[in-house]
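Given next are the chains, with one letter for each unit.
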Amino acid sequence: MRTVAATLLTALALVAIGSTALPAEATAAGECSWQRHSKRVVKHVKRHGRLRRVVRQRHWWTCEAVAAAPSATPTPAQEAPAPLPVVAPETEAEANRLGVRSLEYYFVLSRPTVQAGEVTIELNNQGEDPHNLNLEREGEAGEPQQIPETPSLQRNVAHFQLTPGTYRLWCSLPEHEEKGMQTTLVVE
């Protein structure tokens, strides 16, 4: 865990100074290639008694799996430039994995849709307050499926059997849903 965090911090520092190459220990020891993503986010917030439109750029990093290289050690005379890492194809298990980042007071989904069947959902609470995640198919009554309350800066993972449809996700802690902590997920 410590080496992954160190690799991530090193990669972020390199990008901040303009370099795009990862250090040798990151590509040799790690099994991922870090990819930066951006998304335009529009929120409506109440400021000074009026509803305002706020537009921001959200940035996040994902770790793309890299195929392991053979462990033969060439002599210094035989060393060639390091080959570009190969990104492994997405497996079915990875296709049905959903990351949900929670902050005050909204959720950010790693993808808007997932495939029907067993879905692994990871709630990553990056906010200052504890949050939970309730999941309910629109139009169905009954007990919602739930990831329990997750403390600040912690993660919680759960597996759910989901059928096709549109699902409503929300935080059921007092006043969190009213403050905008809700979103939708499409299961195909």
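Residues numbered from 1 in each chain as written. Predicted model: local features only at pLDDT ≥ 70, side-chain atom pairs only at ≥ 80, totals over all residues. Heavy atoms only, no water.

Enquirer: Can you break down the pairing of strand E7 (residues 131–137) residue by residue, with the values?
Expert: Across the seven residues that make up E7, a large majority, six, are buried. Across four bridges, E7 lies against strand E8 (residues 145–150) in antiparallel orientation. Note that in E8 the partner of asparagine 134 across the bridge is glutamine 146. (Buried < 20%, exposed > 50% of the residue type's maximum accessible area, 1.4 Å probe, protein only. Helix = DSSP H or I, 4+ residues; strand = E, 2+ residues; numbered from the N terminus. Pairing = 2+ DSSP bridges.)

Enquirer: Break down the confidence of the model for the protein chain for me, citing the residues and quoting the values.
Expert: Of the residues in the protein chain, 68% reach a pLDDT of 70 or more, and the chain-wide mean stands at 77. For residues 19–29, every residue scores under 50 in pLDDT, and the model assigns this stretch 10 contacts once sequence neighbours within four places are set aside. (pLDDT = per-residue confidence, 0-100. Contact = heavy atoms within 4.5 Å.)

Enquirer: Explain the sheet that holds strand E9 (residues 155–162) residue by residue, including any values.
Expert: The four strands lie next to each other as E4-E3-E6-E9, forming an open sheet whose pairing is mixed. Both edges of this open sheet fall to strand E4 (106–109) and E9, since each of them pairs with a single strand only. The average angle at which neighbouring strand axes cross in this sheet is 25°, direction not considered. As defined by bridge partners, strand E3 (residues 97–103) adjoins E4 across four bridges and the pair is classed as antiparallel. Bridging from a neighbouring strand, valine 100 pairs with leucine 109 of E4. (Axes fitted to C-alpha atoms, helices over the stretch in contact; angles between N-to-C directions.)

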